[in-house]
Amino acid sequence: MNFLLKLILSAIAVVVLSKILPGVGVDSYVSALIVAVVLAILNAIVKPIMIVLTLPVTIVTLGLFLLIINAAIILLADYFITGFSVNGWLWALIFSVLLSIFQSILYSILKKD
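Residues numbered from 1 in each chain as written. Predicted model: local features only at pLDDT ≥ 70, side-chain atom pairs only at ≥ 80, totals over all residues. Heavy atoms only, no water.

Talk me through the overall build of the protein chain; I want residue IDs and the actual numbers.
A count of helical and extended segments in the protein chain gives five helices and two strands. A compact globule built from 113 residues would reach a C-alpha radius of gyration of about 13 Å, and the protein chain, at 14 Å, matches this within 12%. For the protein chain, the C-alpha atoms occupy an extent of roughly 40 × 35 × 25 Å along the three principal directions. Residue burial in the protein chain is summarised as follows: out of 113 residues, 34% are buried. Put simply, of all contacts in the protein chain between residues at least 6 apart along the chain, 62% involve residues at least 24 apart. Carbon and sulfur atoms provide 76% of the accessible area of the protein chain, an area that totals close to 6900 Å². (Helix = DSSP H or I, 4+ residues; strand = E, 2+ residues; numbered from the N terminus. Rg over C-alpha atoms; globule rule 2.2 N^0.38 Å. Buried < 20%, exposed > 50% of the residue type's maximum accessible area, 1.4 Å probe, protein only. Contact = heavy atoms within 4.5 Å. Areas by Shrake-Rupley, 256 points an atom, 1.4 Å probe, with all protein chains shown as cover.)

Report on a nonpolar patch on the surface, specifying residues and quantitative values.
Taken together, the side chains of Ile8, Ile12, Val16, Ile20, Leu33, Val37, Ile41, Ile45, Ile49 and Leu53 make up a nonpolar region of the molecular surface, amounting to roughly 900 Å² of accessible area. Secondary structure elements with two or more residues in the nonpolar patch: helix 1 (2-20) and helix 2 (29-53). No other element matches the six residues that helix 2 contributes to the nonpolar patch. For valine 37, the location among the structural elements is in helix 2. (Patch = residues over 30% accessible without salt bridge, like charges linked within 9 Å, V, L, I, M, F, W, Y side chains within 5 Å. Salt bridge = Lys/Arg side-chain N within 4 Å of Asp/Glu carboxyl O.)

So, unusual backbone geometry: which residues are in play, and what are the values?
The backbone phi angle of leucine 62 is positive, close to 55 degrees, even though this residue is not glycine. Here leucine 62 lies in the loop between helix 3 (55-60) and helix 4 (65-80). On the accessibility criterion, leucine 62 (77% relative accessible area) is exposed.

Quick one: what's the story with the packing of aromatic side chains, residue by residue and with numbers?
Throughout the structure, instances matching the rule amount to two aromatic pairs. With centroids separated by 5.8 Å and ring planes inclined at 50 degrees, the aromatic side chains of phenylalanine 84 and phenylalanine 95 adopt a geometry described as tilted. Note that phenylalanine 84 is positioned in strand 2 (residues 84-86) and phenylalanine 95 in helix 5 (residues 89-112), a separation of 11 residues in sequence. Taken as a pair, phenylalanine 84 and phenylalanine 95 share a single burial class, namely buried. Residue placement shows lysine 6 over the ring face of tyrosine 107; its charged tip is 5.0 Å from the ring centre. (Phe/Tyr/Trp six-rings, centres within 6.5 Å; stacked < 30°, edge-to-face > 60°. Lys NZ or Arg CZ within 6 Å of the ring centre and 35° of its normal.)

Please set out the environment of aspartate 78 residue by residue, giving values where relevant.
Summarising the element assignment, aspartate 78 is placed in helix 4. Here aspartate 78 falls in the buried class, since its relative accessible area comes to 18%. When near neighbours in sequence (up to four residues on either side) are disregarded, aspartate 78 contacts Phe84, Ser85 and Val86.

Geometric values such as these leave the question of function open.
Here it is as structure tokens:
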């Protein structure tokens, strides 16, 4: 149940960010929910592989390369989902940072209950 609530909150964050950021677009609420599911799958499967493969670069940059990995995950989701669009690396980077901030705020509200 907690996982489904997190997916719904992530979908809400995706919709809000698509309204705020001009370089990000979501066609509908269903597309936003699909984006949340695909991002969860990509973060569970692809992201750990990318982190291991880029570990030396991540260490040299003191972890800042993880932002690039997050942007790549967002662009992968853009590639797989037709109702979701991101216009370039910069918007993917901004979207990933703001999505992480929104998710941490929304998830902290869940922990208080």
